Amino acid sequence: MTSRRRPELVCPAGSLRALQCAIDAGADAVYLGLKDATNARNFAGLNFDDAQIRDGVAHAHARGAKVLMALNTFADARDPSPWYRAADKAVAFGADALITADSAVMAWCCEHHPDLRLHLSVQASATTHAAIEFYRQRYGIQRAVLPRVLTIEQVAQVARHTGAEIEVFGFGSLCVMVEGRCTLSSWATGCSPNNAGVCSPASAVRWHNGPDGVQARLNEVLIDTYAPDEPRGYPTLCKGRFLVEDRREYALEEPTSLNTLALLPRLIDIGVAAIKIEGRQRSAAYVEQVTRVWRAAIDAAMADAPYTVAPDWTETLAHHAEGQQQTLGAYDRPWR
């Protein structure tokens with residue numbers, strides 16, 4: 001077991017207001033992206049232009065917090081220059097680290113910005129210490145964000161055997177379809193989630209009133225059917241209800257949010273360097289409230305007193321959970 005260290009609280013910033021709310025609520029770092037295809041959350045109403053990044057970095061640094069820039073999509077082989085320019089911008093704007101998945105981008109940074117701190121994005125889908133060590137030794141990555149598919153024991157195994165820092169997701173929507181590169185969504189929509197900004201582009205979403213209720217489709221693929229008074233989630237393939245052996249159910253993944261508050265002391269004992277909150281597409285109010293809960297939880301877990309999950313923390317997070325449901329996800333597999 002490694003010595004106990006206080007993990008950084010890394011929070012989402014889809015807008016300048018969300019960035020300010022996260023920092024002021026106690027985030028140690030925020031992650032953000034540009035308004036272009038270099039960023040995996042590239043859709044209307046989100047992200048930062050040059051002036052906003054400068055303001056955001058100034059706000060964070062004035063309060064002792066860090067800004068991590070997400071350059072986490074895979075470069076277009078026909079013209080990778082936008083990705084290289086984005087890395088240049090990260091340095092020019094004073095970002096504290098670049099979150100990246102593309103080895104070509106990493107190589108560019110090694111050659112042109114050797115002092116820029118690199119974090120391996122969850123998009124790289126590195127789930128073993130050997131994979132992480134490859135990126136660390138070849139490209140100098142200093143932190144790896146683990147995909148949400150590992151048990152707590154597997155996270156501990158990875159952390160023990162790599163020289164890179166380990167960052168894990170603590171709260172937010174789950175994605176296990178190869179972390180944003182789902183070929184099912186690509187097939188249904190004609191757009192790669194890698195650079196469309198979302199796995200279900202708005203242009204592909206269809207709502208139809210039918211005899212059995214309201215149908216949600218991605219193009220012509222039926223995702224779900226809702227009763228007239230039933231709450232409707234945004235249609236994604238992984239969280240649709242399908243007929244499987246004459247049973248209609250969530251065949252791939254239920255609409256629920258990851259919540260690891262109960263595992264926080266264990267994650268700290270493992271030596272996890274950072275806890276990440278998902279949700280750059282969510283509101284500034286979500287960012288502020290979730291950040292406050294996790295700031296209080298991390299501080300409590302590091303204190304000498306016994307750690308317990310406060311009821312008001314659970315209530316707040318439940319309000320923001322997808323489908324009003326929460327899970328430990330792959331961290332806890334009771335059937336194993």
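These lines cover the structure that appears in this document, whether it is placed above or below. (Residues numbered from 1 in each chain as written. Predicted model: local features only at pLDDT ≥ 70, side-chain atom pairs only at ≥ 80, totals over all residues. Heavy atoms only, no water.)

## Overview of the sheet that holds strand β8 (residues 205–210)
Pairing between the strands of a sheet comes from backbone hydrogen bonds, and it takes one of two forms, parallel or antiparallel. We count it as follows: Only when DSSP finds a minimum of two bridges between them are two strands counted as paired. Put simply, DSSP H or I for four residues or longer makes a helix, DSSP E for two residues or longer makes a strand, and each gets a number counted from the N terminus. Angular values range over 0 to 180 degrees, each being the angle between N-to-C directions of two axes fitted as lines to C-alpha atoms, with helices fitted over their stretch in contact.
Across the sheet, three strands lie side by side as β8-β9-β10; this open sheet has antiparallel pairing. Only two strands of the sheet have a single partner each, and these edge strands are β8 and β10 (221–226). This sheet shows a mean twist of 25° between the axes of neighbouring strands, independent of strand direction. Sheet topology note: the β8/strand β9 (residues 213–218) ladder contains six bridges and is antiparallel. Bridged to V205 within β9 is L218.

## Concerning the nonpolar core
Heads up, the rule is: Among buried residues, those of type Ala, Val, Leu, Ile, Met, Phe, Trp, Tyr and Cys that are joined through side-chain atoms within 4.5 Å constitute a nonpolar core. We call a residue buried when its accessible area falls under 20% of the maximum for its residue type, exposed when it is over 50%, and partly exposed in between, using a 1.4 Å probe and counting protein chains only.
Grouped together as the largest cluster of nonpolar side chains are 80 residues, with contacts concentrated most on M69, L98, I132, I141, V168, L264 and W294. The element contributing the most residues to this core is helix α10 (residues 284–302), with eight residues. Listed in part, the seven residues of the second largest apolar core include V10, A29, L68 and A274.

## Regarding the pairing of strand β7 (residues 165–173)
The line we're drawing: A clockwise course of the path from the first strand over the helix to the second, judged with the strands pointing away from the viewer, identifies a crossover as right-handed.
In terms of burial, β7 is a largely internal element, eight of the nine residues being buried. The pairing of strand β6 (residues 143–145) with β7 spans three bridges and is parallel. Looking at β7, one finds that A144 is bridged to I166. For the crossover from β6 across helix α6 (residues 152–160) to β7, the handedness is right-handed. Two strands pair when backbone bridges link them, and β7 and strand β14 (residues 274–277) are joined in this way by four bridges, in the parallel orientation. Considered in β14, the bridge of E167 is made with A274.

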